[in-house]
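# A closer look at the structure
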Amino acid sequence: MQENIIIGVAVFIFGMLIGSFLNVVIYRIPKGESISFPASHCQRCHTPLKWYHNIPLFSWLFLRGRCAFCKEPISMQYPVVELLTGLIFVILYLKLGLVWYLPFVAASFTALFALVMIDFKYMAVPDNVNFAALLFALIQPNFLDAMMYGAIAAGGLYLIGLLSSLIARKEAMGGADVIVAGTMGALLGFPNFFMALFLSAILAMIPAMVWREKGVPFVPFLALATLIVYLYDTQALHLLDTIIYG
Ligand SMILES: [Zn+2]
């Protein structure tokens, strides 16, 4: 029991370190910048950060959300992304235990999380992060199943998109959504992939009505629904069973 708590804390800290890297990805990839060079620096005064300015969450709290050199406020995005990534790692550890593929599942959800943040900030979904999520989703014990479900999910969504754009005579679904569907299929398998699709449509309903003119990015709802159905996979299956067979 005590051992589990120690592992859980270690997983959380590791997740927050990954979250720290994720901030760099979210900030630099949409601008076409390198993620390794230059080293972390303040966005305003460009002073390189010391190692103790780079500790996830704590540095932000310790610096009270301001640059140590020029006192420019540091975006809330940094500590929030670090905290959420740490939490994603911990809940996946609680779900799966310390299995060899935990880092890959966590990496896949982390890449989806990066997509969500970039989609919110820039209304864009970069292909390299999208493909990274798909690749990580395939590294698991049921590799062949994951490949098959991923391919069917992506192919199915591509066909639906093709049909609806023929009918509506305009682009109905982006290529990015097709890749995300592949990741969802690989992570969830069938029939839970459909449960997640259905759940994402429900989650997106109210925001889509509120921000009708501006348009709502759909990837965040796909990703959130995927995480929920992944965590509650047996409950989702049971629910589907009840719906179909009463
Ligand atoms: Zn500064």
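Since we're looking at a predicted model, the values are computed, not measured.

## Some thoughts on helix α3 (residues 77-96)
- If you check α3, its first and last C-alpha atoms are 28 Å apart, about what 20 residues at 1.5 Å a residue would give, namely 28 Å.
- Considered for burial, the residues of α3 that qualify are Y78, P79, V81, E82, T85, G86, I88, F89, V90, L92 and Y93.
- Turning to α3, the residues buried within the fold contact α1 (2-28), α2 (58-62) and α4 (102-122).

## Side note on the nonpolar core
- In terms of nonpolar packing, the biggest core is built from 60 residues, with F113, A114, L115, A133 and M184 touching the most fellow members.
- Listing elements by their share of this core, those giving two or more residues are α1, α3, α4, α5 (127-138), α6 (143-168), α7 (175-188), α8 (192-210) and α9 (219-231).
- The leading source of residues in this core is α4, at 11 residues.
- The two domains that each donate at least three residues to this core are domain 1 (1-98) and domain 2 (139-246).
- Excluding its chain neighbours within four sequence positions, the residues that come into contact with A133 are S108, A111, L112, L115 and T183.

## Concerning the domain arrangement of the protein chain
- Taken domain by domain, the protein chain consists of domain 1 (1-98) and domain 2 (139-246).
- Look at where the C-alpha atoms of domain 1 and domain 2 centre, and you get two points 29 Å apart.

## With respect to the environment of A204
- Relative to the assigned elements, A204 resides in helix α8.
- On the basis of neighbour count, A204 is assigned to the partly exposed category, with 18 C-beta atoms found within 10 Å.
- Placed 102 residues apart in sequence, A204 and L102 show a C-alpha to C-alpha distance of 29 Å.
- Apart from residues no more than four positions distant in its own chain, A204 is found in contact with V216, F218 and F221.

How each quantity is defined
- Residues numbered from 1 in each chain as written.
- Predicted model: local features only at pLDDT ≥ 70, side-chain atom pairs only at ≥ 80, totals over all residues.
- Helix = DSSP H or I, 4+ residues; strand = E, 2+ residues; numbered from the N terminus.
- Expected span 1.5 Å × (residues − 1).
- Buried ≥ 20, exposed ≤ 12 C-beta atoms within 10 Å, placed from the backbone.
- Contact = placed C-beta atoms within 7 Å.
- Core = buried A, V, L, I, M, F, W, Y, C linked by C-beta atoms within 7 Å.
- Domains from an automatic or database assignment.

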